[in-house]
Amino acid sequence: MPSIENPDTFIAALIAAVPRPRARSVVLAGIHLLGCWPETYIRCGMAIAPDLYLTDGDRLADDYLATTPILAQALRFCQHYQLDLIAVVIIDDLRPNRPVPRESHCELVRVLGDRLREVGTGLLDAWILSDITAGQPWTSLLDGDTGTLPAGTTASLDPAATQPLPPIRALPEYLEPDPDLTGQVRTQLADIRADSTEIPAADSEEGDSIARHREQLRFVLTRIHVSDTGPALAARDLARVAIILGEERIRTCLYALATGPRGAACLPMWTQLVRALPAPERTQAAMLLAVTAYTHGDTALATTAIDIALTDEPTNSAAVTLSTALTCSVPPENIRALFRRGYDTATELGIHLD
């Protein structure tokens with residue numbers, strides 16, 4: 001690893017730690033301190049590169065930095081690898097009326113530094129540049145130092161590349177995937193989706209939508225009761241529930257149920273869904289499991305569940321936000337308040353969750 005005393009080559013080495021660096025991304029390089037008398041050395045062994053901007057589909061969401069997702073991924077990165085320091089390289093292309101650097105970049109680094117300190121990780125430095133070719137100028141966002149990438153730098157930007165988050169910690173046995181059941185559920189998912197009577201067309205009237213969602217919510221509530229009081233659900237039922245979880249209105253109701261006094265009864269079904277569903281079908285179930293566990297006092301289970309969701313869908317904004325809430329130890333009552341409107345949504349469907 002080049003010396004930090006030579007920032008030009010050090011920054012180039014950090015960028016090289018990302019196999020396919022992307023435009024409009026933030027390279028977060030994890031560093032461990034090695035205490036070798038009489039000096040302390042640093043070792044950079046891993047890096048991730050989350051998106052710098054929020055996106056709307058495939059479109060850049062103007063100038064809105066993805067601060068919350070970046071913070072969530074950085075904190076998870078630090079805690080997973082027990083990092084001493086993080087070094088940051090922001091790659092942001094020049095656009096009309098978008099200088100590099102600018103105040104929003106500086107604010108992102110200030111907030112990131114504050115959050116890192118809260119979990120015991122230091123911010124070594126943060127540099128910004130608009131390309132990663134040799135001779136490209138860079139600026140430090142901490143002290144204003146400047147320089148250029150050295151000759152011989154051969155990296156090039158790949159706008160389509162994605163960087164995975166670190167793997168999740170070892171799963172407890174009761175959350176380990178069940179390959180046989182997953183195979184059965186995958187088959188049932190394909191059969192249901194191929195059956196037009198199982199997947200109705202878009203509702204022509206609001207009344208049609210309410211009737212359909214009422215039926216779907218009743219189906220899920222019945223399966224929650226069966227799972228809590230009786231044997232494990234059949235693969236067909238698990239597949240139907242998984243498809244129903246794709247309906248936002250239903251999820252709104254279920255989050256209210258999950259965070260309420262009857263929420264603990266949901267845990268067996270969420271757990272079975274997480275074990276049985278293939279990725280990324282299990283993302284919604286994992287998030288419901290995380291919220292239910294967290295609001296009922298099981299932070300360890302909640303953390304593992306949200307790790308599963310983020311492993312399947314690293315850019316899922318709801319999962320990233322929930323991960324941030326757990327990392328920040330947001331009080332459970334605040335999470336409950338966030339989802340309370342689901343009771344009203346269920347009432348509109350003619351179902352009382354109390």
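Residues numbered from 1 in each chain as written. Predicted model: local features only at pLDDT ≥ 70, side-chain atom pairs only at ≥ 80, totals over all residues. Heavy atoms only, no water.

### What about the overall build of the protein chain?
Our working definition: Helix and strand definitions here come from DSSP, where helices need a minimum of 4 consecutive H or I residues and strands a minimum of 2 consecutive E residues; each element is numbered from the N-terminal end. The buried label goes to any residue with under 20% of its type's maximum accessible area, the exposed label to any with over 50%, and the partly exposed label to all in between, with areas taken from a 1.4 Å probe on protein chains only. In short, Shrake-Rupley with a 1.4 Å probe defines the accessible areas, and a residue's cover is counted only from the protein chains shown.
A tally of helices and strands in the protein chain yields 13 helices and eight strands. Residues classed as buried in the protein chain amount to 46% of the 354 residues present. Here the protein chain displays about 16800 Å² of accessible surface, and carbon together with sulfur accounts for 51% of that area.

### Describing the pattern of salt bridges
Close approach of charged atoms allows side chains with opposite charge to pair. Note the following rule: What makes a salt bridge here is a side-chain nitrogen of Lys or Arg within 4 Å of a carboxyl oxygen of Asp or Glu, nothing more.
Scanning the entire structure with this criterion turns up eleven salt bridges. Here arginine 115 ties to glutamate 118 by a salt bridge, and the two come within 2.9 Å at their closest N and O atoms. Of this pair, arginine 115 and glutamate 118 both sit in helix α3 (residues 103–118), separated by three residues, roughly a single helical turn. Where aspartate 312 meets arginine 282, a salt bridge forms, and the shortest distance between an N and an O atom there is 2.5 Å. Taken together, the residues span a long stretch of sequence, with aspartate 312 in helix α10 (residues 299–312) and arginine 282 in the loop between α8 (267–276) and α9 (283–295) at a distance of 30 residues. In terms of burial, aspartate 312 and arginine 282 fall into one category: buried. What emerges from the salt-bridge pattern is a single network uniting Glu103, Glu107 and Arg110.

### A word on the packing of aromatic side chains
Using the following cut-off: Each Phe, Tyr or Trp ring (for Trp, its six-membered ring) is paired with any other whose centre lies within 6.5 Å, and the angle between the two planes then decides the class: stacked below 30 degrees, edge-to-face above 60, tilted in between. We count a charge as sitting over a ring when the NZ of a lysine or the CZ of an arginine lies within 6 Å of the ring centre and within 35 degrees of the ring normal.
This structure, assessed with the given rule, holds two aromatic pairs. Here the aromatic rings of tyrosine 255 and phenylalanine 339 are separated by 4.6 Å at their centres, their planes lie at 15°, and the arrangement is stacked. Pair noted here: tyrosine 255 is in helix α7 (residues 248–259) and phenylalanine 339 is in helix α12 (residues 332–339), with a separation of 84 residues, a long-range link. A single burial state applies to tyrosine 255 and to phenylalanine 339, both of which are buried. Here the basic side chain of arginine 240 rests over the ring of phenylalanine 219, its NZ or CZ set 4.0 Å away from the ring centre.

### Here's the deal with the pairing of strand β7 (residues 137–140)
Threshold: Paired strands are those between which DSSP finds at least two bridges.
The alternating pattern of β7 places Trp138 and Ser140 on a buried face, while none of Pro137 and Thr139, on the opposite face, is buried. Pairing of β7 with strand β8 (residues 146–148) involves three bridges; the strand directions are antiparallel. Paired with threonine 139 across the strands is threonine 146, a residue of β8.

### Remarks on helix α4 (residues 179–194)
Note: α-helices contain 3.6 residues per turn, so residues at a spacing of three or four share the same orientation. Stated formally: Working rule for helices: expected span equals 1.5 Å times residues minus one. Working note: the arc is built from the helix axis to C-beta atom directions. Residue contacts follow a heavy-atom distance rule, with two residues in contact if any of their heavy atoms lie within 4.5 Å.
The end-to-end C-alpha distance of α4, which contains 16 residues, comes to 23 Å, matching closely the 22 Å that a straight helix rising 1.5 Å per residue would cover. Listed in full, the buried residues belonging to α4 are Leu181, Thr182, Val185, Gln188, Leu189 and Ile192. Taken around the axis of α4, the buried residues stretch over an arc of 125°, which confines them to a single face. More than 90 degrees from the buried face of α4, the exposed residues found are Pro179, Asp180 and Ala194. Its buried side turned inward, α4 meets α6 (235–244) and α8.

### A short note on the packing of α9 against helix α11 (residues 317–327)
Put simply, the rule is: Throughout, an axis means a line fitted to C-alpha atoms (over the contacting stretch in the case of helices), and angles, computed between N-to-C directions, take values from 0 to 180 degrees. To sort the angles, those under 35 degrees are grouped as roughly parallel, those over 145 as roughly antiparallel, those from 65 to 115 as roughly perpendicular, and the leftovers as oblique. Should the near helix be turned anticlockwise from the far one by less than a right angle, the crossing is left-handed, and should it be turned clockwise, the crossing is right-handed. When residues are grouped by polarity, Ala, Val, Leu, Ile, Met, Phe, Trp, Tyr, Cys and Pro land in nonpolar, Asp, Glu, Lys and Arg in charged, and all others, Gly among them, in polar.
Running from N to C, α9 and α11 point in directions that differ by 20°, and their axes come no closer than 11 Å. As far as their axial angle goes, α11 and α9 are roughly parallel. As α9 runs across α11, the sense of the crossing is left-handed. Here Met287, Ala290, Val291 and Tyr294 of α9 come into contact with α11, specifically with Ala318, Ala319, Leu322, Ala325 and Leu326. When the residues that make up the contact of α9 with α11 are grouped by side-chain class, the tally is nine nonpolar, no polar and no charged.

### Brief notes about the pairing of strand β6 (residues 122–129)
Short version of the rule: Looking down the strands as they point away from the viewer, one classifies a crossover as right-handed if the path from the first strand across the helix to the second runs clockwise.
Pairing analysis gives seven bridges linking strand β5 (residues 85–91) to β6, with the strands arranged parallel. Within β6, the position partnered with isoleucine 91 by the bridge is leucine 129. You can see the chain leave β5, run along α3 and come back into β6, and the turn it takes is right-handed. As paired elements, β6 and β7 share two bridges and run antiparallel to each other. Across the sheet, residue isoleucine 128 finds its bridge partner in β7, namely threonine 139.

### Looking at the side chain of threonine 292
Rules: Throughout this description, a polar contact denotes any pair of N or O atoms lying within 3.5 Å of each other; where both atoms belong to protein, one of them has to be capable of donating a hydrogen while the other can accept it, and for residues adjacent in sequence the pair is counted only when both atoms sit in side chains.
Mapped onto the fold, threonine 292 is located in helix α9. When its relative accessible area of 0% is taken as the criterion, threonine 292 is described as buried. At a separation of 2.6 Å, a polar atom in the side chain of threonine 292 contacts the main-chain carbonyl oxygen of leucine 288. When near neighbours in sequence (up to four residues on either side) are disregarded, threonine 292 contacts Ala258, Gly263, Leu267 and Trp270.

### Quick word on the nonpolar core
Condition: Residues belong to one nonpolar core when they are buried, are Ala, Val, Leu, Ile, Met, Phe, Trp, Tyr or Cys, and are joined through side-chain atoms within 4.5 Å.
Within the largest apolar cluster, 60 residues are counted, with the highest numbers of intra-cluster contacts made by Val185, Leu254, Trp270 and Leu273. Sort the elements by how many residues they give to this core and α9 lands first, with nine residues. Those residues in contact with leucine 273 that sit more than four places away from it in its chain are Leu238, Val241, Leu245, Arg282 and Ala285.

### Focus: the confidence of the model for the protein chain
For clarity, the threshold we go by: pLDDT: the predictor's confidence for each residue, scored from 0 to 100.
When pLDDT is averaged along the protein chain, the result is 83; 84% of the residues meet or exceed 70. Within the model, the stretch residues 56–61 combines pLDDT values under 50 with seven contacts to residues more than four positions away or in other chains.

### Some remarks on unusual backbone geometry
Here valine 100 and proline 101 are connected by a cis peptide whose omega angle stands at 0°. Mapped onto the elements of the fold, proline 101 is located in the loop between β5 and α3. Of note in the backbone geometry, arginine 24 takes a positive phi value of approximately 55° without being a glycine. Mapped onto the elements of the fold, arginine 24 is located in the loop between α1 (7–16) and β1 (25–36). In this structure arginine 24 comes out as partly exposed when scored by relative accessible area, which is 26%.

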